[in-house]
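Read off the chains here:
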Amino acid sequence: AVMVQGLLMYMSTGNQPFAELYALQVSPLSSLCNEGVSQHLLAKFALNNGQQYEQSMLTSIVSEIQSVYECLGITCQDVGAFVANDEVLVPKCTDAKAVPYHSLAGYTPTTDVEYLLNTTLDVAAIRKMSNWTEAKIIYEQGMNSFDPDGVSVALADWGQYADWDMSTLPYFNFFKYALARIGALSNGHDLPQYSGTIVQDIFLELGSTLGDKSDDEMAAEAIVITHYWMQVARRLYESISGCAAGNSTMATIAIDLSVAAYVGLDQKVGDDKSGYVLYNLAEKMSLLFSTETQNNGTSQVNQNIMKSFEDIQQLAKTCQNNTSAASTIHLLANKIIQQMTVPLVQGLLFYMDTSNAAEVELYGLQITPLVATCSESKYVDLQDLLVLSESGYADDMKQKVTDILESSYPCMGITCDDIGRYGNYSCNAGLAGDNAPITRIVGFDLSNNIDGYLKLDLDVRQISMLMSVGAYTAAENMISRGQNALVLDSSGQPAYYRSIKNIAKPELVNFILNVTNQDKPFEKISPEQTTALVVEAIQTLFSYQASIAMLNAAVEQCTSNDANESQISQWESALGYLVGSIEGVDPGGNFKGDGQMIYALAKENCFQFNICTNDGDSELNEDLLSLFRQGKEKLASNACSDLSATVPRIVSVLQTILIQGTLKFALADADLTGDSGSKDLARGYVLAQSIYPILELADSQSAAIIETNMAFPVPNNPVPNGIEAVFTAIATAISQMTGIDCAKIGNVTYGGFVAGVCPVNDGNASTADPQDLSIAVDSVVDEETPLAISNGLYTSNSNVQDRIDIAADVWDISKALSSQNVNLARSIYREGLNSEMRDNQGFLLMRKRNIADFSLMAGQTMSEDLPFNLFRYALQDAYGYYKGAPVEQYADTFVENAFENTLVPTLAVEAIVALNIWMAVVHELYDQINQCKALDESNAPLSVDIAAAYYIGDGQQTGSSQTGHLLYRLTEEAGELFGQDGIGSGEAEINTKVLILFNRIKDDVSSPDSCPAKSSTVADLRLHIDQAVSYMTVPLLQNLIHYMKSNDRYRVQMYALSVIPLIAGCNEATFSYLRTALIDNDYDPLKFNEILAKLQGAYRCLGVSCADVGAYKGGTVPQCQDPSDRNVVALAGYLPTTNVFDQSEIDLDILQIKILVSTGALSAANDLYNYGRNSMRPSNSTSNGLLSLQSIASDPTIASAPSLKTFLDYYQISNFADSVVTNVFTSSEQYKDLTLKQKATFVSTALNVMVMYMFSLSLLDTAVMDCNAADIRRNEFGITGIDFAAASIIGSIEGHQDGGNPDDVGLLLYGLSKKNCASMHTCTVNGDSEINDQLGLLLYAAQTELNSLSCVSLSHTVTEIQTVLKTILLQSLVRSIALLGRADESNGSAANIMEMNADVSDDDTDFINAYLYTLALVPLINKANPQSSFLLEVNMAFENLFKPLDNLKWQVFYAVADAIKDMPDVDCNLLGYISDMDPCSTDRSHLTTVVAKATVQSSGAPFFSFSQFWFLLLATCMLAVLW
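Residues numbered from 1 in each chain as written. Predicted model: local features only at pLDDT ≥ 70, side-chain atom pairs only at ≥ 80, totals over all residues. Heavy atoms only, no water.

A. The arrangement of the overall build of the protein in detail. Along its length, the protein carries 76 helices and 14 strands. Taking 1523 residues into account, the globule formula puts the C-alpha radius of gyration at 36 Å, and the protein, at 37 Å, falls close to it. In terms of principal-axis extent, the alpha carbons of the protein reach across some 120 × 95 × 65 Å. In the protein, the proportion of contacts linking residues at least 24 apart, taken out of those at least 6 apart, comes to 67%. When the accessible surface of the protein is split by element, carbon and sulfur atoms take 49% of a total near 57100 Å². Averaging the locations of the 86 positively and 176 negatively charged side chains of the protein gives two centres separated by 2 Å. (Helix = DSSP H or I, 4+ residues; strand = E, 2+ residues; numbered from the N terminus. Rg over C-alpha atoms; globule rule 2.2 N^0.38 Å. Contact = heavy atoms within 4.5 Å. Areas by Shrake-Rupley, 256 points an atom, 1.4 Å probe, with all protein chains shown as cover. Lys, Arg positive; Asp, Glu negative; His and termini not counted. Charge placed at Lys NZ, Arg CZ, Asp CG, Glu CD.)

Structure follows, in structure tokens:
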């Protein structure tokens, strides 16, 4: 009442700031009563700086607030009237209006739900709309529902304000958690608005690809199952909260709104043809799945839900005096939500059966978050299948999907009977459980229903989800109220939820609340640490304490004279606390990391402490279950005295697990910093706290050491006394404990030493003490010690034994997989086993190198490596993901899925070598360049030595395909298949070449001061490293061909994934074809020859030859033929007289630079620009090596060519193009705000239309000069200027056939002309560009004239060629500004270019292209027509990308059109027109206003330099007179 009084007072007196303050208090409370009132208050006072409120609105807003008094639990008397200066500004209100009557499928609300009901009419309207744009408007603006001020209520607002309205709703936050893996919802969008994103995406699809009326129904369906489903859940939980607060009115309003959202208007009981929302959906699904009841044919789901709604309505009336009402409402609310899940599952099954992939994805988006509440691994697998599959849902996924769904039914609270049957689908009751109690857990048979204890792990799982998305209040509510563990009454019916708060010790609950409230000392810890503290506290402290209490209760029950069956139930319940339900029925439990309790912690620890069983379980868990079985037998026989000895043994096992966990995290924490934000620091702290009391009892000094070293938050550095101090303290304390067996804790191995916590010299050969750990920590390896790898295959300059040991991990994984021990294999992969990690000084780190991190950390370590960025670019979806994970982790994603492949058990280890290890070798090679560039003089091993260690490994014999485990062996195996065994040693030719290059690279950097002393070192390194990487692709290609020929689809996909992405840097069309054929879809052996031809066509770009690959199995697949270097090959049909294909490959540099920039690897792009990669200088060149774009852009001899004098005069510097490009690489001030996509477009376009265009002009001039000198090949390349110009205009990507590559447009001027011709109406009958046809004729003419030394004719022809090139740029400028205009028309409210193109593309690139075309043309235009040049300078200045625009399209067009009239050499027939823009048919009458306007706009300093400004002002006046 006080908050309302404050709001009314400041509203009536016009005090906006204070009114806003009170509105922010009243609005959230009002949202529990009437959403419209709440949103209206926000709109008027809080949003838009409170500018919407006017004093004239006072009466209407006061009425709105008064309408919710009853719901808020206040009266008109409580609030009273507000009087100021004897004037009544806000009179006291009277009784509320009568509530409109509605019967909602038999339910009668007692509160006003009119506004929500009316929104369902919007759903009906959207479903019926024949025009999707009108449907979208209804969704975004509303049509049938209005707030008290008459403002339309829009469904889109439900998604937009979801985070505000539902921040404490568990289900909303479950969806936030689960949908974060989907880039389309999380990347570039506000994830809490996921439901709106889904619907808007469907509207987008309707507008672009679908477009029929049935698809409009899909949009309405999406609104129903996303928006309304969550609204029902929201109001149900508001009813719980209202009742828990003793507010019956609030609870009643909430349940009425929930029913309104579920049923909607016009719905008849049991009728599938009336109504618009969820009730109707349930009826339709019940008809399909035969789940109608005998009661009027109503669906089972609706009958159950409506009954629960009515029960809640009655309970809501009793909230003020019924202490159990809220908990009962909680049960009923969850029952409703569970039943609401049934139509979703039915819908998914139905659309799977009808192969409707779009609907499958829609329902998958709604169901996977619900599965996520049960199991991380199941939801990930399901989401990968239903939502993230590149090719969409396919019928062969059906069985796996149904298996995941049915195994999740018990957790989701539904049964086979609920789902029913459809078509061939029949639910597997054995898998689904059908609501029966759990009778077996981790191999332990249960005699009692202990679900109420087992399912507390689901609470832990869901609390973890809530914490991870920052929903701390929702997590607190779940801890207090419970969510999954039902307590049954005496009749076996659910009574309430067992909650963690009601079982845990008060001090534990207080600790958790301190963390969630972020009270001291936890106010500055990271979100990950906040989550870890809460979850670990429940998983360990709660689980441990609750189980011991239950064990003691069982013993007490047994030893009393009242022994009965309940004592066995208590005993089993204690086990339930420790294991949980998620572990499953099989011995060892769940091995995918889904477990939540101490049992899972033991499995997590066992690998590091070498106490895992053969199946991957912990020996401690086996001991635990054995003791529980013994205890159960003793209880059954009433042997209570024996039982008293069993309980301490169980406690000792549990304490051993906790000690083990403390040591594990001490090891992990030792290498961290206190401010790292790592969750390991938090987990270690909780585990240390769990054992602190028993340590204190045993040895207080040891306890103090543990407390100091495991403190959190960390005051300085973690484990300040060192890891040995922690192990020693534990060892000391254990010696004073009863029942703890130090040998059961296990040992850790570091630096070749075994360490444990057993006493020194205890005489037990199987135990270890902490002293060995001290030796290991203090041992130092000389990193500069040379090392012969595998019997001298390569001799390193540095000690890389730790890297060589990674081969032992691969071997151990291979052995584990061969023995079907997938859990052990996965543990070695994830945690490492044999490869120790050391710092640059050679000191041991307390962690193992693991192969998983080669991929998981790749985004950080490999971000500037070209091959890695080719993979990122090639594999990512529009949001940077690959199969649901960040694309940078593509290798790990494949390997983790391969572990589950039972048909090819060793696929995972093969993928580890081909994906993880291969890219690690490549990275180390590229890092060698960085070491050289940085002049790294540290003791760190040479990167090339590390690369050799990962390539060869240990135990490899020269030329052997039977020894070794890494890439050398893989290459030997592939070489044997392709006849590549070398002579003598039998070493595969590729291995010989790779090792030669490794040694050459080592030699490049091994001499003192080699990097700074020789400027060519980095260039040489790049050349050698690229050659080595090229050769490393050969065994991947060979194996791909081998497995294609063998029709092994799993290995085909794996090897395709290992090499095909590299082809994205060669030819987009070839890559796209191969990805579709080999990665995204199952390989079709009938397409072998077609696919092979595509592969072989990419060999040259990959840097390999047909001879490198060889012939498969003696000619089963013959060796392809490499073109001779002496052969002259055509360029898009033009046949040069000299071989210039090497030079034409400069366009591959542009392509790869564009890719690098698009992935953010700007430094790598700059290096490629500076050093070159794909285009070689000829052998007789005076500057042997690579031809780089930078050398072209900055060469002053090129800039001095006659044709470039106009450019030099205009820009006044010879390297203008170079400076423009370099400024983008360095993100200079002017370009720093460009997106990566914009930068990629900028660089690639600038390199084409500025660098290569000007280079082509200079080459054409050179040809004329060579002709006049009577030496047509006098340049350093030994090729004719005409041929070289052709190569620079056409490039290699266009291929050899006439007209160029029809599938992939090149990146040079020839390709630009092809892009333009359709829009500009200048395509030939066969689809080629008329300009390119003319260009080809002129090139042939020039070639003939040059060879015959017809120099005068050649000069004329060269001028014509240069005019044609200018025409391409003019055409491109007109086309690009036309695209700007189109974007402008599609979004009339846009304020700038960025917004204008929001409806056309993600980022604006059209303006950037137009800007660069202008840069290339404006010197020529300035020469022909200064006023047109002026107009372009003003309108196309770069800052206009971000500034408001004023009819830019036409100003630029008129300037170009006018300039063309002063360029008589331009052929208008070749230039063409687009839409209503015909530059050759526009008169000059527009120029007066355009020039005048541009003069005003240019009041600031223009971007381009020009000297004719005074002339332009005069020209404006003259034009006015003349025209």
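That covers the picture; the talk isn't over yet.
B. A look at the side chain of T1206. With respect to the helices, strands and loops of the structure, T1206 is situated in helix α63 (residues 1205-1211). Given a relative accessible area of 17%, T1206 falls into the buried group. When residues no more than four places from it in sequence are discounted, the contact partners of T1206 are P1419, L1420 and K1423. (Buried < 20%, exposed > 50% of the residue type's maximum accessible area, 1.4 Å probe, protein only.)

C. Region of the structure containing the packing of aromatic side chains. Under the definition given, this model contains 41 aromatic pairs. Their ring planes at 85 degrees and their centres at 5.4 Å tell us that Y453 and Y577 sit as a pair that is edge-to-face. Of this pair, Y453 sits in helix α24 (residues 451-454) while Y577 sits in helix α30 (residues 566-579), placing them 124 residues apart in sequence. Each of the two residues, Y453 as well as Y577, counts as buried. Ring centres of W1450 and F1453 lie 5.6 Å apart, and the angle between their planes is 85 degrees; on these two criteria the pair is classed as edge-to-face. (Phe/Tyr/Trp six-rings, centres within 6.5 Å; stacked < 30°, edge-to-face > 60°.)

D. How the structure looks around the state of the cysteines. The final tally for this structure, using the stated rule, is 12 disulfides. C742 shares a disulfide with C758; S-S distance 2.0 Å. On the sign convention where negative means left-handed, the S-S torsion of about 110 degrees between C742 and C758 marks this disulfide as right-handed. Of this pair, C742 sits in helix α37 (residues 742-745) while C758 sits in the loop between β8 (753-755) and α38 (771-778), and the two are 16 residues apart along the sequence. Exposure remark for C742: the relative accessible area of 12% places this residue in the buried category. (Disulfide = S-S within 2.5 Å.)

E. The arrangement of the environment of G842 in detail. For G842, the location among the structural elements is in the loop between β11 (836-838) and β12 (844-848). Taking relative accessible area as the criterion, G842 reaches 0% and is therefore assigned buried. Separated by 122 residues in sequence, G842 and G964 have C-alpha atoms that sit 26 Å apart. Not counting residues within four places of it along the chain, the set of residues in contact with G842 comprises S779, V780, V781 and E783.

F. Examining a nonpolar patch on the surface more closely. Taken together, the side chains of V1128, L1135 and Y1340 define a hydrophobic patch exposed on the protein surface, amounting to about 230 Å² of accessible area. Among the secondary structure elements, V1128 is positioned in the loop between α57 (1106-1109) and α58 (1141-1144). (Patch = residues over 30% accessible without salt bridge, like charges linked within 9 Å, V, L, I, M, F, W, Y side chains within 5 Å. Salt bridge = Lys/Arg side-chain N within 4 Å of Asp/Glu carboxyl O.)

G. Representation of the nonpolar core in the model. With 275 residues, the main nonpolar core has W229, Y262 and F309 as its most contacted residues. Contact partners of Y262, with chain neighbours within four places excluded, come to V232, V277, L278, Y279, A282, V301, N302, I305, M306, F309 and M340. Counting 244 residues, the second largest nonpolar core, distinct from the first, contains I912, V1005, V1140 and M1254. (Core = buried A, V, L, I, M, F, W, Y, C linked by side-chain atoms within 4.5 Å.)

H. Here's a closer look at the pairing of strand β2 (residues 87-90). Judged from the 3 bridges that link them, strand β1 (residues 82-84) and β2 form a sheet pairing that is antiparallel. Across the sheet, A84 pairs through a bridge with E87, a residue of β2. Joining the antiparallel neighbours β1 and β2 is a turn of 2 residues, in which N85 adopts a positive phi near 55 degrees. (Pairing = 2+ DSSP bridges.)

I. Just the confidence of the model for the protein, in detail. For the protein, the mean per-residue pLDDT works out to 88, and 91% of the residues sit at or above 70. Confidence drops under a pLDDT of 50 for residues 1382-1403, and excluding neighbours within four residues, the segment shows 40 contacts in the predicted structure. (pLDDT = per-residue confidence, 0-100.)

J. Seen up close, unusual backbone geometry. With omega at 5 degrees, the peptide bond leading from K520 into P521 counts as cis. Mapped onto the elements, P521 comes out in the loop between α28 (506-516) and α29 (527-559). For the peptide bond that leads from F712 to P713, omega is -5 degrees, which places it in the cis range. Assignment of secondary structure puts P713 in the loop between α35 (700-709) and α36 (723-734). With a phi close to 50 degrees, V719 is a non-glycine residue in the positive phi region. Its location among the elements puts V719 in the loop between α35 and α36. In this structure, A1132 is a non-glycine residue whose phi angle is positive, near 50 degrees.

K. Region of the structure containing the pattern of salt bridges. Under the counting rule described, the total for this entry stands at 41 salt bridges. Residues K933 and D1167 are paired through a salt bridge, measuring 2.5 Å at the closest nitrogen-oxygen approach. One end of the pair, K933, is in helix α46 (residues 907-933); the other, D1167, is in helix α60 (residues 1162-1171), with 234 residues separating them in the sequence. Ionic pairing is found between D1233 and K1232, a salt bridge with its closest N-O pair at 3.4 Å. Assessed through its relative accessible area of 38%, K1232 is described here as partly exposed. Bridged by salt links that share partners, the residues D381, K592, R826, R830, E896 and E900 form one connected network.

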